[in-house]
Amino acid sequence: MEVATAVGKEQRGKGRVGTLENPETYEERPGHVIPIIEHEFDDFDNEAEEFLAQRLPEDQFIGFRLKQGVYGQRQPDVQMVRVKLPFGGVTPEQMEMFGNVVERYAPLVKGHVTTARNIQIHHVPLRDMESLIREISAVGLSSREGCGNTVRNVTGDPWAGVAEDEIFDPTPYAGAYVATSSATRRRS
């Protein structure tokens, strides 16, 4: 098998670069650019339990959960989570994880792909949300800052990196922006 290397990419196989016969892989590939912060899962679980025990006012909990990409719903006792897919990238392992968490935590067994290149999962009981966001993190996904007054996602051209006439591939720059902006905001 032939291997050709370009800036930040590796091609394996024969045929035109970017085809099924000669796919590309990235080191900082879509779907694996958001830093995963382990303590956020415990923080979410602790804050949710405080809210459910009525020791944390709803207005304080709303601000906290929105930063973690979790919305309240009109239906009582359930939430919606928005999982970010920076520049629309998702791996087969991540899609499998979405299927797993939807089957396990969403009573209607549905998830939605949005026009902003996110996946939303509805009707998740609040007590299950920490487990869901922890499980998706195992494959490099995050819901952090998927709601509220934040840059919810970074999108780009779906042909980036494979279009024959492109001047340059913006994928590594989009990945760097996502990784550094998430890292910067988490320190505050």
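Residues numbered from 1 in each chain as written. Predicted model: local features only at pLDDT ≥ 70, side-chain atom pairs only at ≥ 80, totals over all residues. Heavy atoms only, no water.

Asker: For this particular structure, what's the right way to read the packing of helix α3 (residues 92-105) against helix α4 (residues 126-137)?
Answerer: A pair of packed helices can be characterised by two numbers: the angle between their axes and the separation between those axes. At their nearest, the axes of α3 and α4 sit 10 Å apart, and the two run at 165° to each other. The angle between the axes of α3 and α4 places the two elements in the roughly antiparallel class. The element α3 and its partner α4 pack so that their crossing is right-handed. Contacts between α3 and α4 pair Met97, Val101, Arg104 and Tyr105 from the former with Asp128, Ser131, Leu132, Glu135 and Ile136 from the latter. (Axes fitted to C-alpha atoms, helices over the stretch in contact; angles between N-to-C directions. Helix = DSSP H or I, 4+ residues; strand = E, 2+ residues; numbered from the N terminus. Parallel < 35°, antiparallel > 145°, perpendicular 65-115°, else oblique. Left-handed = near helix turned anticlockwise from the far one by under 90°. Contact = heavy atoms within 4.5 Å.)

Asker: Help me understand unusual backbone geometry in this model?
Answerer: Apart from glycine, the bulk of residues carry a negative phi angle, and the bulk of peptide bonds sit in the trans form. With a phi angle near 65°, Gln54 is a residue other than glycine that sits in the positive phi range. Its location among the elements puts Gln54 in the loop between α1 (39-52) and α2 (58-67).

Asker: Help me understand the sheet that holds strand β4 (residues 70-72) in this model?
Answerer: Two orientations exist for strands paired in a sheet by backbone hydrogen bonds: parallel and antiparallel. Strand order in this open sheet of four strands is β4-β5-β7-β6, and the pairing throughout is antiparallel. Here the strands that pair on one side only, and so sit at the sheet edges, are β4 and β6 (111-113). Averaged over all neighbouring strand pairs, the angle between strand axes comes to 25°, with direction disregarded. The pairing of β6 with strand β7 (residues 118-125) spans three bridges and is classified as antiparallel. Note that in β7 the partner of Val113 across the bridge is Ile119. Where α3 meets the sheet, it contacts β5 (78-84), β6 and β7, and its direction lies at approximately 20° from that of β7. (Pairing = 2+ DSSP bridges.)

Asker: Sorry if this is basic, but what is going on with the pattern of salt bridges here?
Answerer: Any two side chains of opposite charge can pair, so long as their charged atoms come close to each other. For the coordinates displayed, the defined rule picks out six salt bridges. Of the charged contacts, one joins Arg104 and Glu135 as a salt bridge, the two residues approaching to 2.3 Å between their closest N and O atoms. Residue Arg104 is found in helix α3, and its partner Glu135 is found in helix α4; the two are separated by 31 residues along the sequence. Here Arg104 falls in the partly exposed class, since its relative accessible area comes to 47%. Exposure remark for Glu135: the relative accessible area of 22% places this residue in the partly exposed category. Counted as one network, the salt bridges with shared partners bring together Asp42, Glu130 and Arg134. (Salt bridge = Lys/Arg side-chain N within 4 Å of Asp/Glu carboxyl O. Buried < 20%, exposed > 50% of the residue type's maximum accessible area, 1.4 Å probe, protein only.)

Asker: Any chance you could explain the pairing of β7 here in plain terms?
Answerer: As a general feature of sheets, a regular strand has side chains that alternate between the two faces. Within β7, six of the eight residues are buried, leaving the element largely enclosed by the surrounding structure. Taken together, the six bridges between β5 and β7 define a ladder with antiparallel strand orientation. Pairing of Val78 across the sheet is with Pro125, part of β7. Adjacent in sequence and paired antiparallel, β6 and β7 are bridged by four residues, among which Arg117 carries a positive phi angle near 60°.

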